[in-house]
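# Overview (structure and organization)
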Amino acid sequence: MIETIYIEQAILQHPRVLDIVARFPQARKITCGRYGEVFNPKAQNFRLQKQQPALILAEKYKNFALPAPLGYGIGATRNYYFSHMLNCLYDCRYCFLQGMYQSANYLLFVNYEDFQQDIRQLCAGSPNENLHFFSGYDCDSLALEPVTRFAEQFLPFFATLPNAWLELRTKSTQVRSLLNREPLPRCIVAFSLSPDEIAAKVEDKAPSVQRRLDALCKLQQQGWQIGLRFDPLLYQSGYQQQYRQLFEQVFSRIDLNLLHSVSLGVFRLPENFFKKVQKLYPEEKLFAGPLVSQQGMVSYKQELEQEMMHYCSKQILTYIPSDKFFPCTL
């Protein structure tokens, strides 16, 4: 899977680097000074790189845990996100990462302990308040778990923090590291889900909805709390039937007692990201839909957005209580 690995000079002997490199004995190893030499140059073709991404192993020096964007949350007042990795194994057409970054290579920060120290300090600074930490904002939390061992390393750490909640956002079926340990009471494994007809068109390389549900149910059977993320809502003719069938498919299988939360949000991208992504996929039907630009964001026309949110919200609330529902209305 990985044919080329770039490694920062300063971390060549880092134990986590040695462990990862050992997993790919046939890969080319290229040393660099700082990851930006490989990841940041503008003269890169995201689409070509996506066909065979390299892995970049690097060290992060600052900004380990950051305040989450406005509207990104599931009920808490103190929300943070942290990104041990940039870019994703999957190739979803609507993903903002392809508009944000010049490179499609996977960038993994191996100094997990520095992330953990920053998170620990944030929790210690507000000992009487629950803090929510979101992983999976700039990557899929679990898709590369066999390589990164991210969850394996961070779940025991979060278990030591009495006021920290962790959300692992994923489309992945790589849940073995979770099934091999006791469930963490303050962890939500949040699965992103779309109707089969839509996922087949725009979620390239991602597991099918059925396989995601299988992984989700295995976790619930062991006692893990689950989140459902119907985000982004994507318009196409007949979307009502497609999303109604998706909700029936999902809620007929899950254990509502172990359902932590459900969120819902429509497709939207910053205008500069959208223009970049549209150039990458000039023939993509998704971007030829009823989209408009308003206040620097590209999304559906307000009437259509409200119609989709209203319809899907009404459907979801036939299955769950309103206190588990978090629609994004920004």
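The structure presented is a predicted model; accordingly, all values stated were derived computationally and were not measured.

## Some remarks on the layout of surface pockets
Approximately 1200 Å³ is the volume found for the largest pocket. Along the wall of the largest pocket there are 48 residues; nearest its centre are Tyr72, Phe96, Tyr137, Arg169 and Asp231. Counting residues per element, the ones that place at least two in the lining of the largest pocket are α3 (46-51), β7 (91-92), α4 (97-100), β10 (164-170), β13 (225-233), β14 (259-266), β15 (268-270) and β18 (325-327). With four residues, the single largest contributor to the lining of the largest pocket is β14.

## Quick word on the environment of Phe82
Examined against the element boundaries, Phe82 turns out to sit in strand β5 (residues 78-82). Looking at Phe82, the relative accessible area reads 0%, which means it is buried. In this structure the C-alpha to C-alpha distance between Phe82 and Gly136, which are 54 residues apart in sequence, comes to 8.0 Å. Once residues lying within four places of it in the same chain are set aside, the contact partners of Phe82 are Phe64, Ala65, Phe115, Ile119, Phe133, Phe134, Ser135, Phe150, Phe154, Phe158 and Leu166.

## A word on the sheet that holds strand β16 (residues 291-294)
On the basis of which strands lie adjacent, the open sheet formed by three strands has the order β15-β17-β16 and antiparallel pairing. The open sheet has two edge strands with one neighbour each: β15 and β16. Here the strands of the sheet are splayed against their neighbours by 25 degrees on average, with no regard to which way each runs. Where β15 lies against strand β17 (residues 297-300), three bridges are found, and the strand directions are antiparallel.

## With respect to the pattern of salt bridges
Under the counting rule described, the total for this entry stands at 13 salt bridges. Of the charged contacts, one joins Arg229 and Glu167 as a salt bridge, the two residues approaching to 2.8 Å between their closest N and O atoms. One end of the pair, Arg229, is in strand β13; the other, Glu167, is in strand β10, with 62 residues separating them in the sequence. Taken as a pair, Arg229 and Glu167 share a single burial class, namely buried. One salt bridge in this structure joins Arg212 and Glu203, with 2.5 Å as the shortest N-O distance. According to the relative accessible area criterion, Arg212 is buried, its value standing at 0%. Overlapping salt bridges bring together Arg47, Asp91, Arg93 and Glu284 as one network.

## Topic: the packing of aromatic side chains
Applying the stated criterion across every chain, the model contains 27 aromatic pairs. Summarising the aromatic geometry, the rings of Tyr239 and Tyr311 are spaced 6.2 Å apart at their centres and angled 85 degrees between planes, so their arrangement reads as edge-to-face. One end of the pair, Tyr239, is in helix α11 (residues 239-251); the other, Tyr311, is in helix α13 (residues 302-316), with 72 residues separating them in the sequence. Here Tyr239 matches Tyr311 in class, with each residue buried. Taken together, a centroid distance of 6.2 Å and an interplanar angle of 50 degrees make the contact between Phe267 and Tyr300 tilted. Taken together, the residues Phe267 in the loop between β14 and β15 and Tyr300 in strand β17 connect sequence positions 33 residues apart. Among the aromatic side chains, those forming a connected cluster through ring pairs are Phe64, Tyr80, Phe82, Tyr112, Phe115, Phe133, Phe150, Phe154, Phe157 and Phe158. Across from the ring centre of Phe109, 5.0 Å away, lies the NZ or CZ of Lys60, which sits over that ring.

Reading guide: rules and limits
Throughout, residues of each chain are indexed from 1 in the direction in which the sequence is written. With the structure being a predicted model, the display of local features is reserved for residues of pLDDT at least 70 and the display and counting of side-chain atom pairs for 80 or more, all residues being used for whole-chain, interface and lining totals. Side-chain measures here rest on the full set of heavy atoms in the structure, leaving out hydrogens and waters. Buried and open spaces are told apart on a 1 Å grid over the protein atoms alone, a cavity being a set of points where a 1.4 Å probe fits but cannot get out and a pocket being an open set with protein on both sides within 12 Å along at least five of seven lines. Residues with an atom within 4 Å of a point are the lining residues. Grid points are joined across faces, edges and corners, and a volume is the space filled by probe spheres set on the points. A run of DSSP states H or I qualifies as a helix once it reaches four residues; a run of E qualifies as a strand once it reaches two. Both are numbered from the N-terminal end. Think of it in three bands: with a 1.4 Å probe and only protein chains considered, a residue is buried below 20% of the maximum accessible area for its type, exposed above 50%, and partly exposed in between. Only heavy atoms matter for contacts: two residues are in contact if any of them lie within 4.5 Å across the pair. Being paired, for any two strands, means DSSP has found at least two bridges between them. The convention used is that axes are lines fitted to C-alpha atoms, helices contributing only their stretch in contact, and that angles between N-to-C directions extend from 0 to 180 degrees. Salt bridges, as used here, are contacts in which a Lys or Arg side-chain nitrogen is within 4 Å of a carboxyl oxygen on Asp or Glu. Ring geometry is summarised as follows: Phe, Tyr and Trp rings, the Trp one being its six-membered ring, pair when their centres sit within 6.5 Å, and such pairs are stacked at plane angles under 30 degrees, edge-to-face over 60 and tilted between the two. Whether a charge lies above a ring is judged from NZ of Lys or CZ of Arg, which has to be within 6 Å of the ring centre and within 35 degrees of the ring normal.

That's the geometry; what it means functionally is another story.
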